[in-house]
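# Summary of the model geometry
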Amino acid sequence: METRYTFGGDEHLFVECSEEMSLEAFFKSLSLTEAIKKAGIKGITEICPANASFQLRFDPDIIKPNDLLQSVQIIEKAGKKIKRSIKTRIIEFPVLYNDPWTHETLMRFRDRHQMPDGTDLDYAAEINNHESVEGFIKAHSESPWFVTMVGFVAGLPFMYQMVDRDRQIQVPKYLRPRTDTPKLTLGHGGCFACIYSVKGAGGYQMFGITPMPIYDPTQSVEHLKDFMVFFRPGDIVKFRPIDMSEYEEIVQEIEMNQYRPVIKEVQFDLDQYNENTKKYNNELVKALKDDRDN
Amino acid sequence: MIEIIKHGLLTSIQDLGRPGYFHLGIPLSGAMDRFAMRVANLLVGNSEDLAGLEAVFMGPQIKFEKDALVAVTGAEISVKIDDEEYPTWTTLKVKSGQVLSFGPLKSGARMYIAISGGIDVPMALGSRSTYLVGALGGVNGKAIAKGDRLPLGKNHGKVKEGTTLSDTLKPISSKQAELRVLPGLYWHRISPPSQKTFFDDEWKVALEIDRMGYRFKGGTKLEFVDREPPFGAGSDPSNIVDSCYSYGSIQVPGGVEPIILHRDAVSGGGYFTLGAVISADMDIIGQLQPNTPTFFKKVDMNEALQARLERVNLLEKVRTHINEQG
């Protein structure tokens, strides 16, 4: 994994940790951005970690671009060892797969899709070699997902599936982007899942919807009172399929400010995860069950 | 207070923006033409970071409920107080009960209206700028609408009515735009012939232009260097593993139409970018109308920094120039 440095105009330094996606590349990006934050380099105004890269925004009136480049390269060399264990949280997300709202939307944009005669779920199931949509949903909701980037628009998480690469769900984006996507749609593009934080344009395939808000600029939803954006890079997400009556129940609980998300603090260790992914995931997910039972 | 009688086409409250949250997908926002916003504030005695109005293509109609100083900068447009016409880039006095309105647009795309004291809506994450996509800032996250009554702040300095900017300090409007670009980011993804045509071709501003980005059309389709798609990137040659975007960065989905991300930029995505417009030229973009012929000019980092310095010096001259008249 050769690190590539390049400037984005005179105010951004872009650092690509790896051309291809992997948790290894994400951890490299995460530990480098943390080290840069700690170093407190004057003139850096924003530090933005992404899936397999990161970007620094800087004020060239305070630090010369090449001086910044050198400082960051020194940090990269000094910290040869990538941090491989982080304290984070696992969050359960109730999902109504195959819901009426994304279904209505996807039917309006069939002319922009690879499979005009089927649904997004039909297409994703077929190209990922699942015999049925049910089997695909099982594969989608069974393993946890790692939040490797927050962005695009306000608070939207990009999530990377925590399974061996040959089992990872991959679906191309729409042929042409839609002009509409319902808020809180569970989407998928390339190898990434996402949750649309706001209503709007989008090109990811649509699989379902979650009743749990993830962005609230008014900060009135109970779990977003402290900060309007729910996700941060490093979060782990587990989807739980729900039916329409539970969906409606949760929506009502949220309206009455009674809903509390199921969240558990966990330690994630990349080496232990790599050693036995399935077993490790089971342990992680078990933490959620304990939380729910309490 | 001021009351909005007509809101124009799209008028929003903006200041110099909301830095610090791009890592969560919340962009800088703020005036697309920051120079014009700063000068408008200076002309009414405000500090440069107070909030004013940004109106695109059409001006709003505003009734004043108290005496105030007003300045309109940015696009060239006829400015009226009641029935009388007044110049842009000038300190104007509006009396309680009078109405500020606008005639047709003459050049440019966005006008900036500063009012003494600034528009005093509540701050959201340290700024009053409206980020429409995220329903943040401004008036409940929305553009201003007919019937809105906006509070004004109290603190402002003294500027004499009629204070104006000399022509040498104003941006020059021209029929054709030149945007300086520093190649970089995923520049290596396009073929050497395309690296040449991108800068040689004449492009035109397309219709899809807003605070998030400006689209261009009409140049030669870009060709890509062959590759084995990296895992997670997607099969289209213009795709990459979703990464951060720079302000001013130029993405070209499918190699066809370049899009320059502006102040309400999406913070990341899966399209390659071939470089970025330098910070000194970002203000120009917000004043481009559809169909404006545009050339991209290749520059290196030294030229970019030199241009930036020239902008800093220009603003300093403007500050002195306004102070001297006060």
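Residues numbered from 1 in each chain as written. Chains lettered and ligands numbered in written order. Predicted model: local features only at pLDDT ≥ 70, side-chain atom pairs only at ≥ 80, totals over all residues. Heavy atoms only, no water.

## Some details on the layout of surface pockets
All names here are of chain B. One number sums up the size of the second largest pocket: a volume of about 1100 Å³. Lining the second largest pocket are 35 residues, and of these Pro 171, Ile 172, Ser 173, Ser 174 and Ile 284 lie nearest its centre. For the lining of the second largest pocket, the elements supplying multiple residues, two or more each, are strand E5 (68-81), strand E8 (99-115), strand E10 (177-183), helix H3 (282-285) and helix H4 (301-325). Residue composition of the lining of the second largest pocket, by class: 13 nonpolar, eleven polar and eleven charged. Both of domain 1 (2-169) and domain 2 (177-306) provide at least three residues apiece to the lining of the second largest pocket. (1 Å grid on protein atoms, 1.4 Å probe; cavity = no way out; pocket = protein on both sides within 12 Å on 5 of 7 lines; lining within 4 Å. Points joined across faces, edges and corners; volume = space filled by probe spheres on them. Helix = DSSP H or I, 4+ residues; strand = E, 2+ residues; numbered from the N terminus. Nonpolar A, V, L, I, M, F, W, Y, C, P; charged D, E, K, R; others polar. Domains from an automatic or database assignment.)

## Some words on helix H6 (residues 244-255) of chain A
All names here are of chain A. For H6, built from twelve residues, the straight-helix expectation of 16 Å at 1.5 Å per residue is met to within 8% by its first-to-last C-alpha distance of 17 Å. Those residues of H6 that fall on the buried side of the exposure criterion are Tyr 247, Ile 250 and Ile 254. Viewed along the axis of H6, the buried residues span an arc of 65 degrees, placing them on a single side of the element. Backbone geometry just downstream of H6 places Asn 257 in the positive-phi region, at approximately 60 degrees. (Expected span 1.5 Å × (residues − 1). Buried < 20%, exposed > 50% of the residue type's maximum accessible area, 1.4 Å probe, protein only. Arc of directions from axis to C-beta.)

## Side note on the pattern of salt bridges
The tally for this structure, following the rule as stated, stands at 36 salt bridges over all chains. Put simply, Arg 308 of chain B and Asp 61 of chain A hold a salt bridge, and the shortest N to O gap is 3.0 Å. In this pair, Arg 308 of chain B sits in helix H4 while Asp 61 of chain A sits in the loop between strand E4 (53-58) and helix H2 (65-78), so the two residues belong to two different chains. Under the relative-accessibility criterion, Arg 308 of chain B is labelled buried at 12%. Asp 111 of chain A serves as the salt-bridge partner of Arg 176 of chain A, at 3.7 Å between the closest nitrogen and oxygen. Of the two residues, Arg 176 of chain A is situated in the loop between strand E7 (157-161) and strand E8 (185-189) and Asp 111 of chain A in the loop between helix H3 (100-108) and helix H4 (120-127); the sequence distance between them amounts to 65 residues. (Salt bridge = Lys/Arg side-chain N within 4 Å of Asp/Glu carboxyl O.)

## Some points on the nonpolar core
Membership of the largest hydrophobic core comes to 142 residues, with the highest contact counts inside it found for Phe 93, Phe 239 and Phe 268 of chain A. Ignoring sequence-local partners within four residues, the contact set of Phe 93 of chain A consists of Ile 195, Thr 210, Met 212, Ile 214, Phe 230, Phe 231, Val 237, Lys 238, Phe 239 and Arg 240 of chain A. The next biggest cluster of nonpolar side chains, apart from the first, holds 27 residues, and it includes Ile 62, Ile 77, Ile 81 and Leu 92 of chain B. (Core = buried A, V, L, I, M, F, W, Y, C linked by side-chain atoms within 4.5 Å. Contact = heavy atoms within 4.5 Å.)

## Quick word on the domain arrangement of chain B
Residues and elements named next belong to chain B. When the domains of chain B are assigned, the result is domain 1 (2-169) and domain 2 (177-306). Contact residues are listed per partner, giving 26 residues for domain 1 and 20 residues for domain 2. Both sides of the domain 1 and domain 2 interface together cover about 1700 Å² of buried area, and 53% of this is carbon and sulfur. The three residues of domain 1 that bury the most area against domain 2 are Phe 22, Met 32 and Arg 110, which together make up 39% of that side's buried surface. (Buried area = accessible area lost by both parts, 1.4 Å probe.)

## Topic: the domain arrangement of chain A
Residues and elements named next belong to chain A. When cut into domains, chain A gives domain 1 (4-82) and domain 2 (87-293). Centre-to-centre separation of domain 1 and domain 2, based on C-alpha positions: 28 Å. Counting residues at the interface gives ten residues for domain 1, matched by 15 residues for domain 2. Buried surface at the junction of domain 1 and domain 2, both sides included, amounts to about 1100 Å², of which 71% is carbon and sulfur. Where domain 1 touches domain 2, the interface holds one salt bridge. Our count for the domain 1 to domain 2 interface comes out at three residue pairs in polar contact (both at pLDDT 80 or more). Ranked by residues supplied to the side of domain 1 that touches domain 2, first place goes to helix H1 (residues 23-39) with four residues. Looking at side-chain class alone, the side of domain 1 that touches domain 2 contains six nonpolar, two polar and two charged residues. (Polar contact = N/O pair within 3.5 Å; in protein donor to acceptor, adjacent residues only side chain to side chain.)

## A closer look at the UniProt feature "domain: Carboxyltransferase" (unreviewed entry) in chain B
As annotated in UniProt, the feature "domain: Carboxyltransferase" (unreviewed entry) corresponds to residues 23-314 of chain B in the numbering used here. Counting secondary structure, residues 23-314 of chain B comes out at 13% helix and 32% strand; the distance between its end C-alpha atoms is 31 Å. (UniProt positions renumbered as here; feature names shortened; annotations may be inferred.)

## Brief notes about the environment of Asn 302 of chain B
Residue and element names in this part refer to chain B. You can see Asn 302 is positioned in helix H4. For Asn 302, a relative accessible area of 61% translates into the label exposed. Separated by 90 residues in the primary sequence, Asn 302 and Met 212 place their C-alpha atoms 28 Å from one another.

## Let's talk about the pairing of strand E3 (residues 52-56) of chain B
Residue and element names in this part refer to chain B. For E3, the buried fraction is high: five of the five residues fall into the buried class. In this structure, strand E2 (residues 11-14) lies alongside E3, joined through four bridges in antiparallel fashion. Residue pairing in the sheet places Gln 14 in a bridge with Gly 52 of E3. As paired strands, E3 and E8 are joined by four bridges and run antiparallel to one another. Bridge pairing in E8 places Ala 55 opposite Met 111. (Pairing = 2+ DSSP bridges.)

## Remarks on the packing of H4 of chain A against helix H5 (residues 133-142) of chain A
Residues and elements named next belong to chain A. Packing of H4 against H5 brings their axes to within 9 Å, and their N-to-C directions diverge by 80 degrees. As far as their axial angle goes, H5 and H4 are roughly perpendicular. Contact with H4, carried on its side by Leu 121, Asp 122, Ala 124 and Ala 125, involves Val 133, Phe 136 and Ile 137 of H5 and no other residues of that element. Taken together, the residues that form the contact of H4 with H5 break down as six nonpolar, no polar and one charged. (Axes fitted to C-alpha atoms, helices over the stretch in contact; angles between N-to-C directions. Parallel < 35°, antiparallel > 145°, perpendicular 65-115°, else oblique.)

## A word on the packing of helix H1 (residues 34-43) of chain B against H4 of chain B
All names here are of chain B. Between H1 and H4, the least distance of the axes is 10 Å, while the angle of their chain directions is 15 degrees. By the angle between their axes, H1 is roughly parallel relative to H4. In the crossing of H1 with H4, the sense of the turn from one axis to the other is right-handed. Residues Phe 35, Arg 38, Val 39, Leu 42 and Leu 43 of H1 touch H4, and the partners they reach there are Arg 311, Leu 314, Leu 315, Val 318, Arg 319 and Ile 322. Its residues assigned to classes, the contact of H1 with H4 comprises eight nonpolar, no polar and three charged. (Left-handed = near helix turned anticlockwise from the far one by under 90°.)

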